[in-house]
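Next come the chains, spelled out residue by residue.
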Amino acid sequence: MNRRLCLILAAAASPSAAWAHDDSRPTLSDPDNRPILLTRDVEPGAAQALRQSTPQVSPLLFLNRCPGGCQVSAGDNDARTNSSTIPDEDAELSEFEHSDAVWDATVACVREVFEPYGVEVVTENPGGQSHHAAVVAGTADELGIELPPDTQGEIGGVAPLANDCRPLDNVMSFTFANTLQDNPIDLCWTIAHEAGHAYGLEHVNACADPMTYLPGCGTKYFRDEELPCGEFEERDCQCGGTTQNSHAHLTRVLGEGTPPEPPEVQILNLEADTEVADGEPVTFEARHPRGISRVTLEVNGTEYQERSGNDFDEGDSYQITLPQHPDGVLEIEAVAYNDLGIAGSDEVTVQKGEPCTSHEQCFAGMECDDGACRFPEPFLEAGEPCEHDRECVSGLCPAAGDERYCSERCDLRASADGCPSGLECVEADDNELGACWPEGALGGCGGCAAGRGGASFPTLVLSLALLCAYGLGRRRRQRTAERGAPAGARGA
Ligand SMILES: [Zn+2]
């Protein structure tokens, strides 16, 4: 067995720290007294044969507080029999010693963090069923785990991580609850972090994701963003590339669960049926437990302005100014998206001048409809030639060279790319998400190798990428919850 200690977080606990008071215990949120989280490399071997179907692992995540203590056998990984490659010898872990209230809050947090995935977080032992066993109890000493050489501090958790980042089924991870403070957010973070390793995730250098070492950012959620790998500095990822999308990975491994509720949005400064002018500010609040990735302002159904969401400590207030717009009725909508692309909004109908009575009073391409100048509803499907994002049902009209077609995002890594018939998934960004494009429409690209899930066209990738990024920024809101959409980076 490969026993390489994969990652080390050196944090110096005060040598004179007394344990009489809980606050002297390490907590991930305290940079000066932070526990060490370890991983143990695992050779996946035949028992963990490469999984390509979804879900790839058991849909049960068992949080075990070890009532009366837990026996852990040293041996092959098998959560059903409490057997693990992590301890060298059989061990007994002491029961979770914090209060029931802390336990309940921790369980609720873990359920919320894993809610978007096809996994059920349970607190009853699934017994003979294959499952992930997240032990939340005991100390590293009890498991016989020692600090890596040249480090100080306490060990907060340990988990197996396949050396090729494939998900491990039916294994144990450990959150040493009796070493840590009774802080549900930190316990939740540690549990999600350690289980995440077992599911094949490595570390990211971004505080809003549980696979981080960085404190702050409140409750951490697996982010639908390409985040740089690393601990305290960015580095290449252990299993290829330089970024990791934790949400996309877990969705592939576990399947989809329940999307969270949309963000709450409230326009503060405009009353219905009042008069507004071009350039007037629209002030609104937007909030969501996962934070807000981006906000947009729509007028009569067309998106005009976008800005990124506030960082965790910047509050919930936003202000966007009204664009130049023809006179008439204005339906003003403030929209906020979380990192999963799920949108919430608030809308108010106001007036600018007199209601329009004919198309001629509107800007080119607009129609006068019931006193309001507006662009027609998007009407072009993926693969049809287009000129503006607003024409496409998907809201995406990227270009490659002189060609522009309505497009959709697609998953380059998935065996079925999800593109409509006649379209193929081509690389469009520096990540795993591609764009659907008419087959053969990127012609004249002799010598390009076929990529996985579609073709790769290096000479045209850049222009498509740039315009796709633009297209995404102008993306129309889906009225229903959408999944897997990339989003602008939320501040770390
Ligand atoms: Zn870790």
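In case you missed it, the structure is sitting above this.
Here is a short report on the structure shown in this document.

Check the secondary structure of the protein and you find five helices and 27 strands. Buried residues in the protein amount to 54% of all 492 residues. Summarising the internal contacts of the protein: among those between residues at least 6 apart in sequence, 66% fall at separations of at least 24.

All told, the structure shown has eight aromatic pairs when counted by the stated rule. Ring plane angle 90 degrees and centroid distance 5.2 Å describe the contact between Tyr-405 and Trp-437, whose orientation is recorded as edge-to-face. Placement of the pair is Tyr-405 in the loop between strand E22 (403–404) and strand E23 (409–411) and Trp-437 in strand E25 (residues 433–438), with a sequence separation of 32 residues. An aromatic cluster is defined as three or more aromatic residues linked by ring pairs; in this entry it consists of Phe-114, Tyr-117, Tyr-199 and Phe-222. The ring of Trp-189 carries Lys-220 above its face, with NZ or CZ at 4.0 Å from the centroid. Above the face of the Tyr-337 ring, Arg-294 is positioned so that its terminal group lies 3.9 Å from the ring centre.

Where side chains of opposite charge bring their charged atoms close, a pairing between them can arise. With the rule as written, the count across this model stands at 14 salt bridges. For Asp-339, the salt bridge identified is with Arg-290, shortest N-O distance 2.7 Å. Of this pair, Asp-339 sits in the loop between strand E17 (328–337) and strand E18 (343–352) while Arg-290 sits in the loop between strand E13 (281–287) and strand E14 (294–299), placing them 49 residues apart in sequence. Judged by its relative accessible area of 3%, Arg-290 is buried. The residue Asp-327 makes a salt bridge to Lys-352 at a minimum N-O spacing of 3.4 Å. Here the residue Asp-327 occupies a position in the loop between strand E16 (317–321) and E17, and Lys-352 occupies one in strand E18, the gap between them amounting to 25 residues. Lys-352 gets classed as buried once you look at its relative accessible area, which sits at 11%.

This next bit is on the sheet that holds E13. By way of backbone hydrogen bonds, the strands of a sheet pair with one another, either parallel or antiparallel. Strand order in the open sheet formed by three strands is E12-E13-E16, and the pairing between neighbours is antiparallel. Edge positions in the open sheet fall to strand E12 (264–267) and E16, since each of these has one partner strand only. If you compare each strand with its neighbour and ignore which way they point, the axes differ by 30 degrees on average. As defined by bridge partners, E12 adjoins E13 across four bridges and the pair is classed as antiparallel. Pairing of Val-265 across the sheet is with Ala-286, part of E13.

Tallied over the entire structure, the rule returns eleven disulfides. Here Cys-386 connects covalently by a disulfide to Cys-397, the sulfurs 2.1 Å from one another. Negative torsions about the S-S bond denote left-handed disulfides, and the value of about 105 degrees found for Cys-386 with Cys-397 makes this one right-handed. Of this pair, Cys-386 sits in the loop between strand E20 (372–374) and strand E21 (399–400) while Cys-397 is found in the loop between E20 and E21, placing the two residues eleven residues apart along the sequence.

In this section: the coordination of the zinc ion. Within the protein, the zinc ion binds to His-193 (NE2), His-197 (NE2) and His-203 (NE2); these donor distances fall in the range 2.0 to 2.1 Å. Each donor residue of the zinc ion belongs to the same chain, with the gaps between them written as H-x3-H-x5-H. A residue pair is termed a helical-turn pair when its members lie 3 or 4 positions apart in one helix, as His-193 and His-197 do in helix H3 (residues 184–198) at four residues. Each member of the pair His-193 and His-197 is classed as buried.

This part covers the pairing of E18. Both faces of the sheet carry side chains from a regular strand, because those side chains alternate between them. Both E17 and E18 contribute to a ladder of ten bridges, which runs antiparallel. In the sheet register, Tyr-337 faces E18, and the bridge partner there is Ala-343. Where E17 hands over to E18, the hairpin turn is made up of five residues, of which Gly-341 adopts a positive phi near 80 degrees.

Further remarks concern the sheet that holds strand E4 (residues 83–84). Spatially, E4-E3-E5 is the arrangement adopted by the three strands of the open sheet, whose pairing is mixed. Among the strands making up the open sheet, the edge pair consists of E4 and strand E5 (91–93). The sheet contact formed by strand E3 (residues 70–74) and E4 spans two bridges and is parallel. Its bridge partner being in E4, Ser-73 is matched across the sheet by Ser-83.

Turning to the packing of helix H1 (residues 100–114) against H3, a few remarks are in order. At a closest axis distance of 8 Å, the pairing of H1 and H3 adopts a crossing angle of 45 degrees. When the axis of H1 is compared with that of H3, the two are oblique. In this structure, H1 meets H3 at a crossing whose hand is right-handed. Where H1 approaches H3, its residues Val-102, Ala-105, Thr-106, Cys-109, Val-110, Val-113 and Phe-114 are matched on the opposing element by Pro-184, Leu-187, Cys-188, Ile-191, Ala-192 and Ala-195. Looking at the contact of H1 with H3 residue by residue, the class counts come to twelve nonpolar, one polar and no charged.

What follows deals with helix H4 (residues 246–254). Most of H4 is tucked away: eight of the nine residues are buried. Burial in H4 covers these residues: Ser-246, His-247, Ala-248, His-249, Leu-250, Thr-251, Val-253 and Leu-254. Among the structural elements, H1 and strand E11 (243–244) are those in contact with the buried residues of H4. Two or three places before His-247, at the start of H4, stands the capping residue Asn-245, its side-chain oxygen 3.2 Å from that residue's backbone nitrogen. Following H4 by one or two positions, Gly-255 adopts a phi angle in the positive range, close to 85 degrees.

Membership of the largest hydrophobic core comes to 34 residues, with the highest contact counts inside it found for Leu-61, Leu-63, Phe-114, Tyr-199 and Phe-222. Elements supplying a minimum of two residues to this core: strand E2 (60–64), H1, strand E7 (132–136), H3 and H4. Examining the composition of this core, we find that seven residues originate from one element, H1, more than from any other.

You will see that Cys-165, though not glycine, has its phi angle at about 65 degrees, which is positive. Position of Cys-165 relative to the elements: it lies in the loop between strand E8 (155–162) and strand E9 (172–175). Of note, Cys-217 is a non-glycine position whose phi angle comes to about 70 degrees, a positive value. Secondary-structure assignment places Cys-217 in the loop between H3 and strand E10 (227–228).

Basis of the calculations
- Residues numbered from 1 in each chain as written.
- Predicted model: local features only at pLDDT ≥ 70, side-chain atom pairs only at ≥ 80, totals over all residues.
- Heavy atoms only, no water.
- Helix = DSSP H or I, 4+ residues; strand = E, 2+ residues; numbered from the N terminus.
- Buried < 20%, exposed > 50% of the residue type's maximum accessible area, 1.4 Å probe, protein only.
- Contact = heavy atoms within 4.5 Å.
- Phe/Tyr/Trp six-rings, centres within 6.5 Å; stacked < 30°, edge-to-face > 60°.
- Lys NZ or Arg CZ within 6 Å of the ring centre and 35° of its normal.
- Salt bridge = Lys/Arg side-chain N within 4 Å of Asp/Glu carboxyl O.
- Pairing = 2+ DSSP bridges.
- Axes fitted to C-alpha atoms, helices over the stretch in contact; angles between N-to-C directions.
- Disulfide = S-S within 2.5 Å.
- Donors = N, O, S within 2.8 Å, 3.2 Å for Na, K, Ca; no water.
- Parallel < 35°, antiparallel > 145°, perpendicular 65-115°, else oblique.
- Left-handed = near helix turned anticlockwise from the far one by under 90°.
- Nonpolar A, V, L, I, M, F, W, Y, C, P; charged D, E, K, R; others polar.
- Polar contact = N/O pair within 3.5 Å; in protein donor to acceptor, adjacent residues only side chain to side chain.
- Core = buried A, V, L, I, M, F, W, Y, C linked by side-chain atoms within 4.5 Å.

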